[in-house]
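Topology and contacts: notes
Spelled out from the first residue to the last, the chains are:
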Amino acid sequence: MKPAWDKLGDEYKDSTSVLIGDADCTASGKELCDQHEVRGYPTIKYFTAETGPKGSDYQGGRDFESLKQFVGDNLEVKCLVDAPDGCSDKEKDFLAKWKDKPAEEIAAQKTRLDGMVAGSMKPELKKWVVQRLNVLKQL
């Protein structure tokens, strides 16, 4: 399962709505696993607004295609300039602000955000940087 999980992580590494991670529940991740009531290994958990803070156990197939299908169908949210229904309010505001800017300003902002995304930052900030980059790449 580990190769499929790592491939899934690579597939969604630039996603604005999906974060694929893992924890070693026998070592440094033990506290995290206890907090989320992980009792067997390997356990796959997913988190949405509906699952609550402890998440839900994934019960599907453990191959890459099954994992990817589940993420695409149930977890991934896409913000598209041409169909902003999948955009958060924050993304919609950002889109409204930048959609009429000159190409040079958009390019400069993309360069700035590309530099930021490579740095170390809190996950929430990194997610927002990636979300803005994804919007700008569509303009």
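Conventions we followed
- Residues numbered from 1 in each chain as written.
- Predicted model: local features only at pLDDT ≥ 70, side-chain atom pairs only at ≥ 80, totals over all residues.
- Heavy atoms only, no water.
- pLDDT = per-residue confidence, 0-100.
- Helix = DSSP H or I, 4+ residues; strand = E, 2+ residues; numbered from the N terminus.
- Salt bridge = Lys/Arg side-chain N within 4 Å of Asp/Glu carboxyl O.
- Buried < 20%, exposed > 50% of the residue type's maximum accessible area, 1.4 Å probe, protein only.
- Lys, Arg positive; Asp, Glu negative; His and termini not counted.
- Contact = heavy atoms within 4.5 Å.
- Axes fitted to C-alpha atoms, helices over the stretch in contact; angles between N-to-C directions.
- Parallel < 35°, antiparallel > 145°, perpendicular 65-115°, else oblique.
- Left-handed = near helix turned anticlockwise from the far one by under 90°.
- Nonpolar A, V, L, I, M, F, W, Y, C, P; charged D, E, K, R; others polar.
- Phe/Tyr/Trp six-rings, centres within 6.5 Å; stacked < 30°, edge-to-face > 60°.
- Lys NZ or Arg CZ within 6 Å of the ring centre and 35° of its normal.
- Disulfide = S-S within 2.5 Å.

Considering the confidence of the model for the protein
For the protein, per-residue confidence averages 90 on the pLDDT scale, and 99% of positions sit at 70 or higher. Summarising per-element confidence for the protein, the mean pLDDT is lowest in helix H6 (residues 123–138) (86) and highest in helix H4 (residues 89–98) (96).

Concerning the pattern of salt bridges
This structure, assessed with the given rule, holds 7 salt bridges. Across the pair Glu11 and Lys68 runs a salt bridge whose closest N-O atoms are separated by 3.1 Å. In this pair, Glu11 sits in helix H1 (residues 2–11) while Lys68 sits in helix H3 (residues 64–74), placing the two residues 57 residues apart along the sequence. Using a relative accessible area of 30% as the deciding quantity, one classes Lys68 as partly exposed.

Considerations on the side chain of Arg132
Mapping Arg132 onto the fold places it in helix H6. Despite its burial, Arg132 pairs with no opposite charge; the closest candidate is Glu91, at 9.5 Å N-O. Every residue in contact with Arg132, bar those within four places of it in the chain, is listed here: Phe94, Arg112, Leu113 and Met116.

Let's talk about the packing of H1 against H3
Here H1 crosses H3 at 40°, and the two axes come no closer than 9 Å. Between H1 and H3, the interaxial angle falls into the category oblique. Remark: the crossing between H1 and H3 carries right-handed chirality. Counted together, Ala4, Trp5, Lys7, Leu8 and Glu11 of H1 and Phe64, Leu67, Lys68 and Val71 of H3 form the full contact between these two elements. Grouping the amino acids of the contact of H1 with H3 by side-chain chemistry returns 6 nonpolar, no polar and 3 charged.

Description of unusual backbone geometry
The step from Tyr41 to Pro42 runs through a cis peptide bond, and the omega angle for that step is -5°. Tracing the chain through its elements places Pro42 in the loop between helix H2 (30–35) and strand E1 (45–46). Phi at Glu37 takes a positive value of approximately 55°, unusual for a residue other than glycine.

Topic: the environment of Lys30
Mapped onto the elements of the fold, Lys30 is located in helix H2. What Lys30 contacts, discounting residues up to four positions off in sequence, is Asp24 and Cys25.

Thoughts on the packing of aromatic side chains
Following the criterion strictly, the structure yields 4 aromatic pairs and no others. Ring geometry for Phe94 against Trp128: centres 5.9 Å apart, planes inclined by 75°, an arrangement best described as edge-to-face. Residue Phe94 is located in helix H4, and its partner Trp128 is located in helix H6; the two are separated by 34 residues in the primary sequence. Pair check on accessibility: Phe94 and Trp128 agree, each one buried. Each residue in the set Tyr46, Tyr58 and Phe70 is aromatic and connected to the rest through ring pairs, giving one cluster. Above the face of the Phe64 ring, Lys7 is positioned so that its terminal group lies 4.3 Å from the ring centre. Sitting over the ring of Trp98, Lys101 keeps its end group 5.2 Å from the ring centre.

Focus on the state of the cysteines
Here, disulfide denotes a covalent bond that connects the sulfur atoms of two cysteines. Applying the stated criterion across every chain, the model contains 2 disulfides. Through a disulfide, Cys79 is tied to Cys87; the S-S separation comes to 2.0 Å. Taking the torsion about the S-S bond as the criterion, the Cys79 to Cys87 disulfide, at about 85°, is right-handed. Accessibility expressed as a relative area gives 7% for Cys87, which makes it buried. By sequence-ordered numbering of the bonded cysteines, the protein has its disulfides arranged as 1-2, 3-4.

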